[in-house]
Amino acid sequence: MNFNSSDFRFYHPLEIRWNDIDALGHVNNVMYIDYFQIGRGYYMAEASQTWDWLKHMFVIANISCNYIKEINLKVSHPRIGVRISKLGSKSFEIEYAIVSEGNNRELVLHAIGTSTQVMIDVKEKKSIELPSWLREEIQGYEPGL
């Protein structure tokens, strides 16, 4: 994944908590996946007006994170960028970018990542096709997808 801040129309602020910090004084690597989850939840609510977490569900089939620059308690305005970059028949791919503001307000890239989500029928515990309404709403939210 190559990072271009203009590829992300959705950003959500992150709160770096004291308990996110490890003995080295920076955010522990496991927290980045948690930040991805936070961003993913807010993104789905923004990108799909029909999405309902009590009715619709997916499972994470794969997730990865590339760590670029440490995050500590002093970073300014940390946030997570989220976008769906690929739609399959039963799955979709999400890309993530954790950024903050550096000196002169330039964007500092801390991490990038991807995850693959597979839609499931919770009762049957099996994969299902992406609903047409979800595909349409995501394509409307992510121009060019």
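Placed above this text is the structure.
In every chain, residue numbers begin from 1 and rise along the written sequence. Local features in this predicted model are restricted to residues of pLDDT 70 or higher, and side-chain atom pairs are both shown and tallied only at a pLDDT of 80 or more, whereas totals for entire chains, interfaces and linings draw on every residue. As a rule here, side-chain values cover all heavy atoms of the structure and leave hydrogens and water aside.

Chemist: Looking at this model, I keep getting lost on the overall build of the chain. Mind explaining?
Modeler: In DSSP terms, a helix is any run of H or I states spanning at least four residues, a strand is any run of E spanning at least two, and both are numbered starting from the N terminus. Looking only at helices and strands, the chain has two helices and six strands in total. When its helices and strands are written in sequence order, the chain yields β-α-β-β-β-β-β-α. With the radius of gyration taken over C-alpha atoms, the globule rule is written as 2.2 Å times the number of residues to the power 0.38. In terms of overall size, the chain behaves like a compact globule, its C-alpha atoms giving a radius of gyration of 16 Å where 145 residues would be expected to give roughly 15 Å. Over its C-alpha atoms, taken along the principal directions, the chain stretches across nearly 45 × 30 × 25 Å. Here the term buried applies to any residue with accessible area under 20% of the maximum for its type, exposed to any over 50%, and partly exposed to those in between, with areas from a 1.4 Å probe on protein chains only. Expressed as a percentage of its 145 residues, the buried residues of the chain come to 39%. Within the structure as shown, the chain displays about 8,400 Å² of accessible surface, and the carbon and sulfur contribution to it stands at 48%. In this count, Lys and Arg are taken as positive residues and Asp and Glu as negative ones, while His and the chain termini are left out. To locate a charge, the coordinates of NZ of Lys, CZ of Arg, CG of Asp or CD of Glu are taken. The distance from the centre of the 15 positive side-chain charges to the centre of the 18 negative ones in the chain is 3 Å. Exposure was quantified through the Shrake-Rupley algorithm and a 1.4 Å probe, taking into account, for residues, occlusion by the shown protein chains and nothing else.

Chemist: Before we go on, may I ask you to explain helix α2 (residues 132-141) in this structure?
Modeler: An α-helix turns once per 3.6 residues; consequently, residues spaced three or four apart project the same way. Here α2 has its buried residues at L134, I138 and Y141. Each buried residue of α2 sits inside an arc of 65° when the element is viewed along its axis, so together they form one side. Structural note: α2 exposes E136 and G140 on the side pointing more than 90 degrees away from its buried face. Along its buried surface, α2 packs onto β1 (10-13), α1 (29-47), β3 (76-87) and β5 (107-121). In this description, the arc belongs to the directions extending from the helix axis to the C-beta atoms. Residue contacts are counted whenever heavy atoms from the two residues lie within 4.5 Å of one another.

Chemist: Would you take a moment to explain the packing of aromatic side chains for this structure?
Modeler: To pair, rings of Phe, Tyr and Trp, with the six-membered ring standing in for Trp, must have centres within 6.5 Å; the planes then decide the type, stacked if under 30 degrees apart, edge-to-face if over 60, and tilted in the middle. Inspection of every chain in the model, using the stated rule, returns eleven aromatic pairs. Between W51 and F58, the aromatic rings sit 5.7 Å apart at their centres with planes inclined by 40°, giving tilted as the arrangement. Take W51 and F58: they sit in the same class, and that class is buried. Assessed through its relative accessible area of 8%, F58 is described here as buried. Over the ring of Y11 we find R79; its NZ or CZ atom is 5.8 Å from the centre of that ring. We call a charge positioned above a ring when the Lys NZ or Arg CZ atom is no farther than 6 Å from the ring centre and deviates by at most 35 degrees from the ring normal.

Chemist: Explain α1 to me, please; I cannot follow it from the model alone.
Modeler: How far a helix is expected to stretch is found by multiplying one less than its residue total by 1.5 Å. Counted at 1.5 Å a residue, the expected span for α1 with its 19 residues is 27 Å, and the 27 Å between its end C-alpha atoms agrees. Where α1 is buried, its residues meet β1, β2 (57-67), β3, β4 (91-101), β5 and α2. Pairing of N or O atoms within 3.5 Å defines a polar contact, subject to two protein rules: one partner must be a possible hydrogen donor and the other a possible acceptor, and residues neighboring in sequence count only if both atoms are side-chain atoms. Of the residues that open α1, the one with a side-chain oxygen 3.0 Å from the backbone nitrogen of V30 is N28.

Chemist: Help me understand the side chain of R40, please; the structure alone is not making it clear to me.
Modeler: The residue R40 is located in helix α1 in this model. Think of a salt bridge as a Lys or Arg side-chain nitrogen and an Asp or Glu carboxyl oxygen that are within 4 Å of each other. No salt bridge is formed by the buried R40, whose closest oppositely charged neighbour, D34, lies at an N-O distance of 8.0 Å.

Chemist: For this particular structure, what's the right way to read the pairing of β4?
Modeler: Both faces of the sheet carry side chains from a regular strand, because those side chains alternate between them. Burial runs high along β4: nine of the eleven residues are buried. At least two DSSP bridges between two strands are needed for those strands to be called paired. As defined by bridge partners, β3 adjoins β4 across nine bridges and the pair is classed as antiparallel. The residue of β4 that forms the bridge with G81 is A97. Where β3 folds back on β4, the antiparallel hairpin that results is connected by three residues. Looking at chain direction, β4 and β5 are connected through eleven bridges and run antiparallel.

Chemist: Even after reading the chapter, I still don't get the side chain of S115, so can you show me in this structure?
Modeler: Relative to the helices and strands, S115 is located in strand β5. Side-chain polar atoms of S115 contact the side chain of Y96, separated by 2.5 Å.

Chemist: So what exactly am I meant to see when it comes to the nonpolar core here?
Modeler: Within soluble globular proteins, side chains that are nonpolar tend to cluster in buried spots. By nonpolar core is meant a set of buried Ala, Val, Leu, Ile, Met, Phe, Trp, Tyr and Cys residues that side-chain atoms within 4.5 Å join together. Counting residues in hydrophobic clusters, the biggest one holds 31 residues, and the most contacted among them are V27, Y43, M44, I84, F92 and I98. Here this core takes seven residues from α1, the largest share from any one element. Residues contacting Y43, with those up to four places away along its chain left out, are F10, V82, R83, I84, I138, Y141 and E142.

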